[in-house]
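Geometric and topological summary
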Amino acid sequence: MNVLHSNIFGYAFAAAIILMGQYVLQAMSTSSSQSGDSLHDNFIVFDSAPDKVIDGSAIRVQYQCSWPCQLAVEVVVISPPRRTGLVVFRREWISSKPHRGPRIHEVRLRFPRSLVYQRDFFNRHILEVQHVTVRAWLDHLNDDYEPSTYHDSAVRIHKVLQIVPLSERPTKPPTECPSWPAELMWQMTRDRIYQCPHESDTIDILKFPLASTGERFGVVRKFQPFINRDLERARLHAVTQPSVTISVWIYLLKWCRRELCGIIHHVDRRNIYDSLLMQLTDTGDVIIQARLTTGGDEAFRSHVVLPLWKWIRLDCYIQDSKVMLDATWDNETHRHIYKFQNNIHYDDTSGYFAIGGGKYMPGIKGYFGNIKYYRFGTKKVKNPLFPKTTLEDLDKTHRECEEIKGFTTAFLQGVTQSHQALNKDFCIPHFITLWGQFGRNICQQTWTWETQLKHSALFRFLQTKEEDLRTGSWGMNNLQHLRTSLFEQAVGIMFNLDQTDIQITSTLIALLQASCCFGNHQASLLLATIHLAGLGRSMDQQQGHVYSLIGAVGDNRFTLMHVGYKHTQGIDGFPKDFDMAYSYYSNAGAQSNIDSWNRQENKQYPPDHIYLNNEEDLKSLTHESSDAFQYLKFQAERGHVESQKLLGTILFWGQNGASKDIASAVKWLERSAMQMEDPSAMYDYSILLLKGQGVKKNITLGIQLLEKAAAMGSIRALNGLGWYHSTILKDHKTAVKYFEQAARNGSDDGMFNLGIYHLTGNNPDSPWMNETAAFQQFLNASRFGHVAASVEAAWYLSTGSLEGVSQDVERAVILLKRVCERNGHLGYMIREALQAYLQGSWGEALVKYVLAAETGLGLAQTNVAHLCEALNLRYDFQWRYHNYSILNYDPHPSGLLKMGDYYYYSSSSREDSLSLVGRAISMYSRAALAGSPQGMYNLFVLAQRGHVHPLSLRGLLNVSRHDNLDILAEKILQSSAQSPDGKSLEENDSERCTARVGLRISSQFLHHYHYCSSANLF
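Definitions and cut-offs
Residues numbered from 1 in each chain as written. Predicted model: local features only at pLDDT ≥ 70, side-chain atom pairs only at ≥ 80, totals over all residues. Heavy atoms only, no water. Pairing = 2+ DSSP bridges. Helix = DSSP H or I, 4+ residues; strand = E, 2+ residues; numbered from the N terminus. Axes fitted to C-alpha atoms, helices over the stretch in contact; angles between N-to-C directions. pLDDT = per-residue confidence, 0-100. Contact = heavy atoms within 4.5 Å. Polar contact = N/O pair within 3.5 Å; in protein donor to acceptor, adjacent residues only side chain to side chain. Parallel < 35°, antiparallel > 145°, perpendicular 65-115°, else oblique. Nonpolar A, V, L, I, M, F, W, Y, C, P; charged D, E, K, R; others polar.

Observations regarding the sheet that holds strand S8 (residues 103-108)
On the basis of which strands lie adjacent, the open sheet formed by 3 strands has the order S4-S5-S8 and antiparallel pairing. With one partner strand each, in any of the chains shown, strand S4 (43-48) and S8 form the two edges of the open sheet. Across the sheet, the mean angle from the axis of one strand to that of its neighbour is 30 degrees, orientation sign disregarded. Sheet topology places strand S5 (residues 58-64) next to S8; 6 bridges connect them, and they run antiparallel. In the sheet register, Ala58 faces S8, and the bridge partner there is Arg108.

Describing the sheet that holds strand S22 (residues 352-356)
Sheet architecture is open: 6 strands sit in the order S13-S22-S15-S16-S17-S18, paired in antiparallel fashion. Edge positions in the sheet fall to strand S13 (218-221) and strand S18 (297-302), since each has one partner strand and no second. On average, adjacent strands in this sheet sit at an angle of 15 degrees to one another, irrespective of strand direction. Bridging between strand S16 (residues 273-281) and strand S17 (residues 286-291) involves 4 bridges; their strand directions are antiparallel.

Here's the deal with the confidence of the model for the protein chain
Detailed reading of the predicted model is not advised wherever pLDDT is low. The predicted model of the protein chain averages 82 in pLDDT, with 83% of residues at 70 or higher. Here residues 1-27 is modelled with pLDDT under 50, and outside its nearest four sequence neighbours on either side it reaches 49 contacts, counting other chains as well. A low-confidence stretch, residues 430-436 stays under pLDDT 50, and its non-local contacts, those more than four residues away or across chains, total 6 contacts.

Focus on the side chain of Gln543
Relative to the elements of secondary structure, Gln543 occurs in helix H12 (residues 541-553). At 3.2 Å, the side chain of Gln543 forms a polar contact with the side chain of Asp393. Among all residues touching Gln543, those that are not within four sequence positions of it are Asp393 and His531.

Concerning the packing of helix H11 (residues 521-533) against helix H28 (residues 842-853)
In contact at an axis separation of 10 Å, H11 and H28 are set at 90 degrees when each is read in the N-to-C sense. Judged on the interaxial angle alone, H28 and H11 are roughly perpendicular. Across the interface between the two elements, Gln522, Leu525, Leu526 and Thr529 from H11 touch Val847, Val850 and Leu851 from H28. Residue composition of the contact of H11 with H28, by class: 5 nonpolar, 2 polar and no charged.

So, in structure tokens, the structure goes:
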């Protein structure tokens, strides 16, 4: 031991030196001598101490106290990421009497086994340490005997111990024995090297194009702290000294409708704009705003004037207080540099980032390409346009649309300004005319011959409409009539005369493209379907993506649902991305909410759940000439209240195949309500009176009916009274009472209205904003299918911005998808498809069902597959929609049965037959769990053949895994004979008869056969 002593007025008296690689002690005194005592009257040194970390090693401490004192020995370790020491061992004692000579006290050190022994079954988590220090200290006791610490002591000393490498550590003798399976598992996994998950500071925010409609909808992205401690430490350090780079591709169709619109914006957890905020102006400039470390916000404007109809890359570099913006297009970069007054505050884990629009800001009108984010910045951005060919085709298609619009405008001007028909053939160049005859140019068109040849199909179509354009029979809405006529013409030539074969010609594609260019995005959706599904031609996903994006940027509700559905499932080349799906579904959901307030429009109908492969569904249609409708009308005329109410409802909404007739509906609803017997009828008619829908507004009578209905127990009437007091009387206190009473009794409208009161803070009893309570009310109402509540709840779930609400984008998408599939315009399309089918126009029905199927509607997908089978269309096209129908969250059993049959019968000719049979069993099980007797019977057949069934099905049937196949088969058949599945009685009887015949063969229950026979006779 080498110790250098010194005596300097009772202060530092030992210094540490290193000799020959050995550690040397340090001792310090921090208190002045008391009563003239010399330094030697109070000291503490190590008489002997170990050099390495060894459990049970002894340390001898020599000390002397001139007063009663407290002494201690402790071991401190420093383990990353901690920067302060952690005490793992301590022994204290008191010397109560002063003594003249030095004393020695021995302490045996005990270390944690994770620090001194090898890794074994009982010692799995080894402590990683950088320093291990043993230290001792001495301090005088106070009168109240308060305990002291090392840093407050009068004299202290320490020694750094060497850490024994893991390979040299001893094995701790076992004190207990693990079980043999546990020991075996340990031996198999003990040498496994656990690695931290790969983390990169470079993030691809977008890898697929995004259509932005210029409204308050966009993609939400949240960034999490790094798992790697070093990376997270660097990120936290960069909050006040940021080094960040964001590279984004955009394609502008228009500049902002308003003064500002969002490119990228960051909203923190307090719903306040944070760094970074990148916006576009209505003149094409870019504004960048940031939060500074001082707490204030600062912004600058870069006068770059971004062009339209070009792909532009914006690279934003942030370094401390400096921001550099590079805008690049046509291989030319425009740079703008700005330095803020203070450093930028940048915490990307607070809140969320929105690409495009958001709840508080509209987005750009155009497209986003790929976006790359460097969390620690970069000097050189590597972000080429991707997928390049798709985005270049998107640009090409938009430019062709501008050419088509210019050509059509010129034709329309020529028609309206001329009193004679334009040349009925192609416009011939002047030099050809001169060559044929020496005369004058007779061509009256203002467009070129090449343009006319390029758009010959459109030109011929316009010629057929020349008389309508000249006479003005289309009125002022020429373009609206034009795009509709183009679409109808194209659909009309899709099928041959007997409608048994699809004919996708170049003329048809040209007409659909022209209709798409003029804003009919049903044509965009049909073009996308033709290319994605290979309808009548070879598949071309790239072109399918182009027209899907064009329809979405056109704000078409069906195409928005289509793209959202593709991103939800990750099919047809669209990446599975719930954030992107939410951006489209949130827009379609908001439109569905607006549509729900105008359901009485002629082009809105509730979607009828009529499956074409179910005869009972078709027979249940109550159109005006049906027996069921006539009988209902007969009962209503006799004064039957329920029939009057039902008839009025059917005619008002146009339900179940009937046409809308508002006048007749109001008449029947009035007759049912004024009998004062049915509270629901009174409520329905009172709402019409209050809103003046189909009847003259009469608030007095409406309120009387509402109050009478509420008194008779109508929950909806309670909500109606709340609406009246809130909207008309402005009596919020009474309104809240009615809403609370309605909500407690299960009214989804009452729940939603309460949520609005919580959100706005207009409740007199609690006049403050309570987003948590509002979200809970919205979520409760959304479970009943409330449209507006689902839209509001989905926003909170998508952002996770509300304290106590975790981000759950998939759940938000499911809520919105269900709402969108009840859209009245989608119901109108389904109705038109059904009417076409009933009238024998199966080709037209197929087109309309296909458009609905591409939105993700399971009913339409099943009907498309049925029509493909009936029309003998391509086999893969049929199974495409059977397969898509089972991807929905609540698939219909018929699709599951079809896919089960497909897998089972494919297994006989495939090498992976066992895998296919397993898939078939899965499909049949899902159908059985949905209540299908046929699914149950199919499982019985497979069980008889020795195939294993899933545990979920065994649990449903109360069959253990130890029961044999005979017991399982009997349980399956008994269940199939009893399970209702919502099908028709006749179909269920047929399937149950088949099942029960099987049960009779298995268990000799003859009476089931007689039951089936009599049921069929009935």
